[in-house]
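Tertiary structure, described
Listed below, chain by chain, are the residues.
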Amino acid sequence: MKQKVDLIIHSARQLLTLGEAKASPVAAGAPSHPKRGEAMSELGLIEEGAVAVSQGLVTLVGTTEEVLAQAEAEEMIDASNKIVMPGFVDPHTHLVFAGSREDEFELRLKGATYMEIMAAGGGIMSTVRATRAATLPQLVAQSRERLDRMLAYGTTTAEAKSGYGLNVDDELKMLKAIHQLDATHPIDLVPTFLGAHAVPAEFKGRTDEYVEVVVNEMLPLAEKELKGNTSDSSLPFFCDVFCEEGVFSVGQSRRILERAQELGFGLKIHADEFKPLGGTKLAVELGAASADHLVCTTAEEIEALAKSDTIAVSLPGTPFGLGHHEYTPARQIIEAGGALALATDLNPGTCYCESMQFIVALACRYMRLTPAEAIVAATLNAAHAIGLGDKVGSLETGKKADILILEVSNYRHLAYHFGVNLVQRVIKDGQVVV
Ligand code: NIG
Ligand code: FE
């Protein structure tokens, strides 16, 4: 008797499961570990592969022959000559914002730096002004257009940060926007409170006072908002800080993150984007889920990070978007045994890009990742960076059926052929959505 399932995708030229290398291909158990060091090259590739899906979850993976011997479905998708892989997970985005900043892009082309524009009251603060002026429905509508593009380019789960409100009401408005988008769009969103994204103009020169507002007023309300709005209390939510010269120091970041941890937030930090202040060390010490950016991280901190459970999230779209030439020292992180993830950093200032495919292409060229390492970083390791490593990021029995069918017959095309959309179909929770 064959098992009845909802959907079978079969005959894939290459099925990338991202599962454990040695597990039996059919009905592999779901490992909940990120891949580090050499294991970052393992795609769990099955030639002539098939996936069976039931009730939104993966029920079987294996060769087409193995899967068709065990299961039958009414809906069959023929993936001949195509790649089948898990949906991308984008673990660092500032997707919710109003307006745009193409004027600053042009100023930078003429020589102004990102931090100079910020110090002069532009940068993040100009998006804060636009976001404060927008109503909740306007904010949701503008952000939904970006979410649609992310889905079309293969992202099925993403993190989304607040951080353009910078006062109690507007930070809560942003968290509500993230919740509404999560509830009404196929992409699953993991929320992050980033009240410490910049020091708002009203607190100029009084950063410590603003930090106290974040700690005493915003964090408890953010926690209520985030807890009250999840259907499943086991779903993670995070707190992040922009730890950078002229923004928040390591001491101020510590103050915020320690309080957030007490309240049950998972932790993240924007560290070493422009100046190495010691944010990565702080992330490791506090057991943060991830440390993000990591462009000018010291060798000592890379060693500590690689030995910890904190995921190194690299955002190569950001130096690219800024026209800079320094990228995350990814080879050093991987060679030290670290778990590296990739994200877009989608935001209106440094990186207006929704495409994880483009991020993979950049990571291979400028950080010397192999295409296999970049795919692991953009799926399984990215899932671990947002606390969802046991639910998404690989095609294994019991995980969500978030699946991409790519219009190519070798996975290396993902990095090699860039600037176009190679995703032909997107399946989210077992349903074809693109
Ligand atoms: O990750 N560095 C801080 N935050 C963003 C930029 C946000 C913005 O410029 O609006 C980043 O690069
Ligand atoms: Fe960011």
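What you see is a predicted model; the values in this text were computed from it and never measured. (Residues numbered from 1 in each chain as written. Chains lettered and ligands numbered in written order. Predicted model: local features only at pLDDT ≥ 70, side-chain atom pairs only at ≥ 80, totals over all residues. Heavy atoms only, no water.)

Here we come to the site of ligand 1. What surrounds ligand 1 is a group of 16 residues, the closest being R101, Y114, Y164, H197 and E273. With respect to ligand 1, the side chain of H293 contributes an N or O atom lying 2.9 Å from an oxygen atom. A distance of 2.8 Å separates an oxygen atom of ligand 1 from a polar side-chain atom of D345. Look at ligand 1: alone it shows 330 Å² of surface, and the protein chains cover 100% of it. The cavity where ligand 1 resides is the largest cavity. (Near = heavy atom within 4 Å. Polar contact = N/O pair within 3.5 Å; in protein donor to acceptor, adjacent residues only side chain to side chain. Areas by Shrake-Rupley, 256 points an atom, 1.4 Å probe, with all protein chains shown as cover. 1 Å grid on protein atoms, 1.4 Å probe; cavity = no way out; pocket = protein on both sides within 12 Å on 5 of 7 lines; lining within 4 Å. Sits in = over half its atoms within 2 Å of the grid points.)

What follows concerns the packing of helix α7 (residues 207–228) against helix α8 (residues 250–262). It is the contact of α7 with α8, at a shortest axis distance of 10 Å, that shows an interaxial angle of 5 degrees. One way to sum up the angle between α7 and α8 is to call them roughly parallel. Taking contact as the criterion, the partners of T207, D208, V211, E212, V214, V215, N216 and L219 in α7 are, on α8, Q252, R255, I256, R259 and A260. Along the lines of polarity and charge, the residues of the contact of α7 with α8 split into six nonpolar, three polar and four charged. (Axes fitted to C-alpha atoms, helices over the stretch in contact; angles between N-to-C directions. Helix = DSSP H or I, 4+ residues; strand = E, 2+ residues; numbered from the N terminus. Parallel < 35°, antiparallel > 145°, perpendicular 65-115°, else oblique. Contact = heavy atoms within 4.5 Å. Nonpolar A, V, L, I, M, F, W, Y, C, P; charged D, E, K, R; others polar.)

Take helix α13 (residues 356–366) next. The element α13 is extensively covered by neighbouring structure, given that eight of its eleven residues are classed as buried. Along α13, the residues classified as buried are M356, Q357, I359, V360, A361, L362, A363 and C364. The residue sitting at the N-terminus of α13 and contributing the capping side-chain oxygen is S355; that oxygen lies 3.2 Å from the backbone nitrogen of Q357. (Buried < 20%, exposed > 50% of the residue type's maximum accessible area, 1.4 Å probe, protein only.)

On average, residues of the protein carry a pLDDT of 96, and 97% of them reach 70 or more. Here residues 22–28 is modelled with pLDDT under 50, and outside its nearest four sequence neighbours on either side it reaches 14 contacts, counting other chains as well. (pLDDT = per-residue confidence, 0-100.)

In contact at an axis separation of 9 Å, helix α9 (residues 279–286) and helix α10 (residues 299–307) are set at 25 degrees when each is read in the N-to-C sense. One way to sum up the angle between α9 and α10 is to call them roughly parallel. The two elements α9 and α10 meet at a crossing, and its hand is left-handed. For the pair α9 and α10, contact is made by G279, T280, K281 and V284 and by E301, A304 and L305, respectively. (Left-handed = near helix turned anticlockwise from the far one by under 90°.)

The next subject is the coordination of the iron ion (ligand 2). Within the protein, H92 (NE2), H94 (NE2), H270 (NE2) and D345 (OD) serve as the donor atoms for the iron ion (ligand 2), at 2.1 to 2.3 Å. Its relative accessible area of 2% is what places H270 among the buried residues. (Donors = N, O, S within 2.8 Å, 3.2 Å for Na, K, Ca; no water.)

Across all of its chains, the model carries eight aromatic pairs by this definition. Centroid distance F97 to Y164: 6.3 Å. Interplanar angle 75 degrees. Geometry classified as edge-to-face. A residue pair is termed long-range when its members are at least 10 positions apart, and F97 in the loop between β6 (88–90) and α2 (102–109) and Y164 in the loop between β7 (155–161) and α6 (168–184) qualify at 67 residues. Considered together, F97 and Y164 belong to a single accessibility category, that of buried residues. Relative to F265, the ring of F237 lies with its centre 5.0 Å away and its plane at 80 degrees, an arrangement referred to as edge-to-face. Linking F237 in the loop between α7 and β9 (238–241) with F265 in the loop between α8 and β10 (266–271), this pair joins segments that are 28 residues apart in sequence. Neither residue differs from the other here; F237 and F265 are each classed as buried. Through pairs of rings, three or more aromatic residues link up here, namely F97, Y164 and Y352. Here R146 stacks its cationic end above the ring of F97, 3.5 Å away from the centre of that ring. Lying across the ring of F238, K268 places its NZ or CZ 4.9 Å from the centre. (Phe/Tyr/Trp six-rings, centres within 6.5 Å; stacked < 30°, edge-to-face > 60°. Lys NZ or Arg CZ within 6 Å of the ring centre and 35° of its normal.)

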